[in-house]
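Observations on the three-dimensional arrangement
So you can see what is in the structure, the chains are spelled out below.
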Amino acid sequence: MNLSIEVDELHREFRGFTAVDHISFSVDRGELFGFLGPNGAGKTTTVRMLSTLSRPTSGSARVAGFDVVHQHDMVRKSIGIIFQDPSLDDRLTARENLRFHAMIYKVPRKEVGQRIDRALEWMQLSDRADHLVRTFSGGMKRRLEIGRGLLHSPGVLFLDEPTLGLDPQTRARIWERLLDLRKTIGTTLFLTTHYMDEAENCDRIAIIDHGRIVALDTPARLKGRVQGDLVRLSTADDVSAADEIRGKYDIEVLEESSGLRLEVDDGAAFVPGLLRGLSVPVLSVSVRQPTLEDVFLRLTGREIRDEEAGEKDRLRSRIRRMGRAGR
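An account of the accompanying structure is given in this report. Note that the coordinates shown come from a computational prediction; the quantities given were computed from them, not determined experimentally.

This brings us to the packing of aromatic side chains. Where two aromatic rings form a pair, the distance of their centres and the angle of their planes describe that pair. A full pass over the atoms with the stated rule returns eight aromatic pairs. A ring pair is formed by Phe 25 and Phe 33, whose centres lie 5.3 Å apart and whose planes are at 10 degrees; its orientation type is stacked. The exposure class of Phe 25 is buried, given its relative accessible area of 7%. A relative accessible area of 0% places Phe 33 in the buried class. Three or more aromatic residues joined by ring pairs make a cluster, and in this case those are Phe 25, Phe 33, Phe 35, Phe 158 and Phe 190. Above the ring of Tyr 195, the side-chain terminus of Arg 171 is found at 3.8 Å from the ring centroid.

Here it is in structure tokens:
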């Protein structure tokens, strides 16, 4: 079997609210696969279904060769999962947390000590093995959760926003460990994120919005959908400038709150002529290559951004209540 995950028309509703809308995709064994989208797009709901924590309304999925509905016990033995919310017992030490996990997953007794030591070493936490988790930083707790998720040697590791809320330096350190682990043990990694730099690490990315997959490809091919370079400029009169650029150059100009956005083949060569020929005073201009943010903007008409904390918390609470009611 070369596929770790197979999804066919997977659908999930919560009392009339469609969270995941008939999605289909597959993930190869050993692949680093990313779900990229804003908060509330359906990423976490998909992970919950694939990890057997929520039952699909319709459609089917197989993880590690097992059906998520009819063979849920086998799926759970084959996966590890890192949730968005902390799930460690901070009254225990790092080693005690790992030992408890080993017991739950019935790791052979003679292998427990060795596996715990290896997980701590992988996550560079050996020197803190016997310290209470309540004394750990957010990044250390996250690394311990990842080590715990790998303790029973799962074929697939789900990481739901694994670096959410962490500082850039800590995020980079966690990714260094994840990429190293992937090379070392070959576990399939299924990542959900709304961070563009994290998505760039993936072999392939599924862009999800309003519960639907709107694109699926490698990061390079996705960015190739945005042709050439991106030019952003702000002028004294953006409306007049946009009309003038469209008339002179016959190119599409998007009017945004921060100014104008246009795609050209060679931004460095285009901008000097634009500045000389434009009758409206230019206040600022920038040129850069496309990013995944630009791909998302093109596909959905808006940028990925964090929702306000209150709205995010209300949505998360609502989905949890509905999920419990729907079991």
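What follows continues from the structure just given.
What follows is about helix α3 (residues 94-104). Of the positions making up α3, those classed as buried are Ala 94, Asn 97, Leu 98, His 101 and Ala 102. Across the axial projection of α3, the buried residues extend over an arc of 135 degrees, all falling on one side. Each element contacted by the buried residues of α3 is listed here: α4 (109-122) and α5 (138-149). Just downstream of α3, Lys 106 is the residue with a positive phi angle, here 55 degrees.

Calculation notes
Residues numbered from 1 in each chain as written. Predicted model: local features only at pLDDT ≥ 70, side-chain atom pairs only at ≥ 80, totals over all residues. Heavy atoms only, no water. Phe/Tyr/Trp six-rings, centres within 6.5 Å; stacked < 30°, edge-to-face > 60°. Buried < 20%, exposed > 50% of the residue type's maximum accessible area, 1.4 Å probe, protein only. Lys NZ or Arg CZ within 6 Å of the ring centre and 35° of its normal. Helix = DSSP H or I, 4+ residues; strand = E, 2+ residues; numbered from the N terminus. Arc of directions from axis to C-beta. Contact = heavy atoms within 4.5 Å.

Bear in mind that shape data such as this cannot, by itself, settle questions of function.
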